[in-house]
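# Summary of structural features
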Amino acid sequence: MSASLVYLLLRQILQMLTQLARDGGAKDVELLGLRHQVAVLRRQVHRPDLQPADRVVLAALSRLLPRPRWTARCIERWQDRGRLER
């Protein structure tokens, strides 16, 4: 298992480095494509069978994402916007 985990981590690192070399437009298009693929897969499979190595990679990548900072004021603005759109 440790060899497969090292392989997956190395592969993810290399993919991240190639992403850094691309321009912003290409990244946006790729993200839209990947999001669509995930949406299609979610319709087909109720819950994926993740391997322990998959869980490690997803947990590590999730730490890189910025955390939303929602305040009461933000939520009030969203509610006000929802009332205006109706």
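To be clear, the structure that these remarks concern was listed above.
We now turn to the structure provided with this report.

Rules and cut-offs
- Residues numbered from 1 in each chain as written.
- Predicted model: local features only at pLDDT ≥ 70, side-chain atom pairs only at ≥ 80, totals over all residues.
- Heavy atoms only, no water.
- Helix = DSSP H or I, 4+ residues; strand = E, 2+ residues; numbered from the N terminus.
- Areas by Shrake-Rupley, 256 points an atom, 1.4 Å probe, with all protein chains shown as cover.
- Patch = residues over 30% accessible without salt bridge, like charges linked within 9 Å, V, L, I, M, F, W, Y side chains within 5 Å.
- Salt bridge = Lys/Arg side-chain N within 4 Å of Asp/Glu carboxyl O.
- Axes fitted to C-alpha atoms, helices over the stretch in contact; angles between N-to-C directions.
- Left-handed = near helix turned anticlockwise from the far one by under 90°.
- Contact = heavy atoms within 4.5 Å.
- Nonpolar A, V, L, I, M, F, W, Y, C, P; charged D, E, K, R; others polar.
- 1 Å grid on protein atoms, 1.4 Å probe; cavity = no way out; pocket = protein on both sides within 12 Å on 5 of 7 lines; lining within 4 Å.
- Points joined across faces, edges and corners; volume = space filled by probe spheres on them.

## Brief notes about the overall build of the protein chain
Counting secondary structure elements, the protein chain contains four helices and zero strands. As displayed, the protein chain has an accessible area near 8,200 Å², and 61% of this comes from carbon and sulfur atoms.

## Some points on a nonpolar patch on the surface
Taken together, the side chains of Leu10, Ile13, Leu14, Leu17 and Leu20 define a hydrophobic patch exposed on the protein surface, amounting to about 520 Å² of accessible area. Among the secondary structure elements, Ile13 is positioned in helix H1 (residues 2-21).

## What to know about the packing of H1 against helix H3 (residues 52-64)
Closest axis-to-axis distance for the H1/H3 pair is 9 Å, and the angle between their directions is 35°. Classified by chirality, the crossing of H3 by H1 is right-handed. Residues Leu5, Leu8, Leu9, Gln12 and Met16 of H1 lie in contact with H3, whose contacting residues are Ala53, Asp54, Val56, Val57, Leu61 and Leu64. Across the contact of H1 with H3, the residue classes tally to nine nonpolar, one polar and one charged.

## Thoughts on the layout of surface pockets
Empty space among the atoms becomes apparent when a probe as large as a water molecule is rolled across them. Of the voids in this model, the largest pocket is the one considered here, and its volume is about 1,500 Å³. The wall of the largest pocket is formed by 29 residues, among which Gln12, Leu34, Val38, Leu58 and Leu61 lie closest to the centre. Contributing elements (two or more residues each) for the lining of the largest pocket: H1, helix H2 (24-44) and H3. The element contributing the most residues to the lining of the largest pocket is H2, with nine residues. Broken down by class, the residue content of the lining of the largest pocket amounts to 15 nonpolar, seven polar and seven charged.

## A word on the environment of Glu30
Secondary-structure assignment places Glu30 in helix H2. Along the primary structure Glu30 and Gln19 are separated by eleven residues, whereas in three dimensions their C-alpha atoms are 10.0 Å apart. Residue contacts for Glu30: discarding those within four places in its chain leaves Gln19 and Arg22.

Honestly, that's just the spatial picture; any functional story needs more than this.
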